[in-house]
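# Remarks on the overall topology
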Amino acid sequence: MKFVIVVLAVVLLAWLLFGRNRRGDSPAPPRRGKRKPTAVEGMVRCAHCGVHLPASEARATGALHYCSDAHQERGPQAPRP
Ligand SMILES: [Zn+2]
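Keep in mind that this is a model prediction, so the values were computed, not measured. (Residues numbered from 1 in each chain as written. Predicted model: local features only at pLDDT ≥ 70, side-chain atom pairs only at ≥ 80, totals over all residues. Heavy atoms only, no water.)

### Remarks on the coordination of the zinc ion
Coordination angles at a metal have ideal targets, namely 109.5 degrees for four tetrahedral donors and 90 or 180 degrees for six octahedral donors. With distances of 2.0 to 2.3 Å, the protein atoms coordinating the zinc ion are C46 (SG), C49 (SG), C67 (SG) and H71 (ND1). With four donor atoms in place around the zinc ion and angles of 98 to 118 degrees between them, the coordination shape is tetrahedral. Look at where the donors of the zinc ion fall in the sequence and you get C-x2-C-x17-C-x3-H. Residue C49 is located in the loop between β1 (43-45) and β2 (52-54), and its partner C67 is located in the loop between β4 (64-66) and α2 (69-74); the two are separated by 18 residues in the primary sequence. Residue C49 is classed as partly exposed on the basis of its relative accessible area, which comes to 38%. (Donors = N, O, S within 2.8 Å, 3.2 Å for Na, K, Ca; no water. Tetrahedral: all angles 85-135°; square planar, octahedral: opposite > 155°, others 65-115°. Helix = DSSP H or I, 4+ residues; strand = E, 2+ residues; numbered from the N terminus. Buried < 20%, exposed > 50% of the residue type's maximum accessible area, 1.4 Å probe, protein only.)

### Concerning a nonpolar patch on the surface
Judged by side-chain polarity, L13, L17 and F18 come together as a nonpolar surface patch covering roughly 330 Å² of accessible area. Structurally, the position occupied by L17 is in helix α1 (residues 2-19). L17 gets classed as partly exposed once you look at its relative accessible area, which sits at 47%. (Patch = residues over 30% accessible without salt bridge, like charges linked within 9 Å, V, L, I, M, F, W, Y side chains within 5 Å. Areas by Shrake-Rupley, 256 points an atom, 1.4 Å probe, with all protein chains shown as cover. Salt bridge = Lys/Arg side-chain N within 4 Å of Asp/Glu carboxyl O.)

Honestly, it's all geometry; don't read function into it.
Spelled out as structure tokens, the structure:
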């Protein structure tokens, strides 16, 4: 029993000396690599073929959007079922 108390005392002493002094070493490091979430870009639908694409990559004609110049020239078309 005395041995257990001595071991516990040594562990406690070691924890007091080395464990508590390192306040900078927290178990959960700060998240440095995590990127800020960027603004969500809206998706639009091609009026000709129905494909969805980011609004910045779409060709807009009024309220309609197209995925390519060719589809913009062809104009709107009802999507296939
Ligand atoms: Zn298209």
